[in-house]
Structure formats: C-alpha cells, structure tokens
Amino acid sequence: MRRLDQTLANLGYCSRREARDWLRAGRVRVAGEIADDPGQRVAAAAVTVDGEPLDHPEGLLLLFHKPAGLVCSHEAREGPSVYDALPERWRRRNPAVTSIGRLDKETTGLLLLTDLPDLVHRLTSPKHKVPKVYRAMLDSPVPGEAAERFAAGTLVLPGEESPCAPAVLEVLGPRETRLTLTEGRYHQVRRMFADLGATVVALHRESFGSLTLAGVEPGAWRVLPPGTFSA
Ligand code: URA
C-alpha cells in the first residue's frame, strides 16, 4: 500500500503538494470517509476524488490505433508523439505510459501502450514470440524469392549477427504483402525488404497476437484489462 498523496500523484491527479490542498478541501475519501492524512497508506481501489473512483488504479493497458506522423518517443524534440494523443492525466502517470515496442513515425496501426513496466519487459523480450502482422506496400513488384527467403530463418540483417526468425509472407497484390513476424527488431520489416532490394512505402500493423484494431479508429484507443497477457 502507498501513501495517499503518492497514490494521487502516481495516477496523474495532482502533485503531492496539491494533494494536501485537495484533502483540506474534502475532495478525497478513503473507504467513504473524508481523508485528512496525506501519509495514510491506502489501497488505490478504496480512494475516491470528488466522489469518483480513481482512474484505472491497477494500471493502464491501451490498444492504440497509431496514425502516421507520430513518434513513439517521450523526447519532445522528436516531434508530435503517440503520448500527445492521450488525456493529460494519463500523460502524468508514474511509471510513465510507454509503448510496448515501437512503430516508426510513418507506420500506422496497432500499438500497445501501458504504465506496467513488467508487461513492457515481458512482451518485448525475445522470448515472447507473439505473432505481429503487418501490411507492407512496396515501391516495386514483390521479389519472387521473398516468401522463401523470409521463411528460411537465415536472413541476417546488416549490423546484426543472429538471423531473423522465420517469417510468413503472403502476397496480396503486385506490390502488396502481409508479413507475420514473431520478433520486433529495429525497422525490421523495412530492413527485411531492403535486403531484397525493395523499399516499403507504406506499413501498417494489423494485429498483435489475437488483438486487432476492429472498431478502433486512427488516433483512438480501447482500454484493455491489465491482465490481458497473463498466462
Ligand atoms: N518494422 C518496421 O520496419 N517498422 C515498424 O514501424 C515496425 C516494424
């Protein structure tokens, strides 16, 4: 259990100093009783502010439909970010809401965001082999040998030592493909096609494991239960 003022600060409500004012104003209750001690140890689920339960006290897990033009970075100098799309209070949470893996600035599609650091570590670990499905549009006809080369599990990307895990390529049209990866290396899809001399001109992630973007418009999100990936 955490201090009450820390609980409010970690969930992005206010600073610890402001929490004292909120308590004095009678805005905060614990188990229904007006709270007056900012150092009181509390279960976040028992706290209300202005009569409302706290916002996702058990952690946030979001399925975000990333539009093009947003970076997966907390560095303001890198330009508009996926985090700018979220409500202010979520952006102030500690631990910070962060992406589970990254999509390039111009890549669209399914991106998971969470403030649960253990989940980030688990789902980005090389041991976690969840299939991620991408639609990739190329600048030129799909090379004839692409599917075989990607499936072989022998493709070593420049600057790397271990080959990419076998990946499944479906050819959807003369320049359009669907590629299923079970890992998430830096710019992996673009670099795999570059190895064959093709440039990816549009990239979209359709799914992550069994999760899809169904019903989630670009720039919008769906809140998932934090236990979605529990064994
Ligand atoms: N592979 C890429 O090249 N870019 C992405 O954004 C995701 C996978």
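Everything that follows concerns the structure shown earlier in this document.
Heads up: these notes are all about the structure in this document. (Residues numbered from 1 in each chain as written. Predicted model: local features only at pLDDT ≥ 70, side-chain atom pairs only at ≥ 80, totals over all residues. Heavy atoms only, no water.)

Turning our attention to the overall build of the protein. Along its length, the protein carries 6 helices and 15 strands. Expressed as a percentage of the 231 residues in the protein, the buried residues total 42%. A separation of at least 24 residues holds for 64% of the contacts in the protein among residues at least 6 apart in sequence. For the protein, the computed accessible surface area is about 11,900 Å², with 52% contributed by carbon and sulfur atoms. Positive and negative side-chain charges in the protein, numbering 30 and 29 respectively, have mean positions lying 3 Å apart. (Helix = DSSP H or I, 4+ residues; strand = E, 2+ residues; numbered from the N terminus. Buried < 20%, exposed > 50% of the residue type's maximum accessible area, 1.4 Å probe, protein only. Contact = heavy atoms within 4.5 Å. Areas by Shrake-Rupley, 256 points an atom, 1.4 Å probe, with all protein chains shown as cover. Lys, Arg positive; Asp, Glu negative; His and termini not counted. Charge placed at Lys NZ, Arg CZ, Asp CG, Glu CD.)

Right, let's get into the nonpolar core. Among the nonpolar cores identified, the biggest contains 33 residues, and Val82, Leu113, Phe150, Leu179, Val189, Met192 and Phe193 are the most heavily contacted of them. Looking at this core, the elements that each hand over two or more residues are β7 (61-66), β9 (108-114), β10 (132-138), α5 (146-151), β12 (176-181), α6 (188-195) and β13 (200-208). Residue-level mapping places this core at the junction of two domains, with at least three residues from each of domain 2 (61-125 + 213-225) and domain 3 (132-208). Non-local contacts of Phe150, meaning those with residues more than four positions away in its chain, are made with Leu155, Ala165, Pro166, Ala167, Leu169, Leu179, Met192, Phe193 and Leu196. The next biggest cluster of nonpolar side chains, apart from the first, holds 16 residues, and it includes Leu11, Trp22, Val28 and Val42. (Core = buried A, V, L, I, M, F, W, Y, C linked by side-chain atoms within 4.5 Å. Domains from an automatic or database assignment.)

Here we come to the site of the ligand. In the vicinity of the ligand, the contacting residues are Leu103, Asp104, Thr107, Tyr134, His187, Gln188, Val189, Arg190 and Leu203. Between the ligand and Thr107 there is a distance of 2.9 Å, counted from an oxygen atom to a side-chain nitrogen or oxygen. In this structure, a nitrogen atom belonging to the ligand sits 3.4 Å away from a main-chain N or O atom of Gln188. Look at the ligand: alone it shows 240 Å² of surface, and the protein chains cover 96% of it. (Near = heavy atom within 4 Å. Polar contact = N/O pair within 3.5 Å; in protein donor to acceptor, adjacent residues only side chain to side chain.)

Of the residues making up helix α2 (residues 16-24), those classed as buried are Ala19, Trp22 and Leu23. Projected down its long axis, α2 carries its buried residues within an arc of 100°, all on one side. Away from the buried face of α2 by more than 90 degrees, exposed residues Arg17 and Arg24 are located. Where α2 is buried, its residues meet α1 (4-10), β2 (28-30) and β5 (47-49). Backbone geometry just downstream of α2 places Gly26 in the positive-phi region, at approximately 75°. (Arc of directions from axis to C-beta.)

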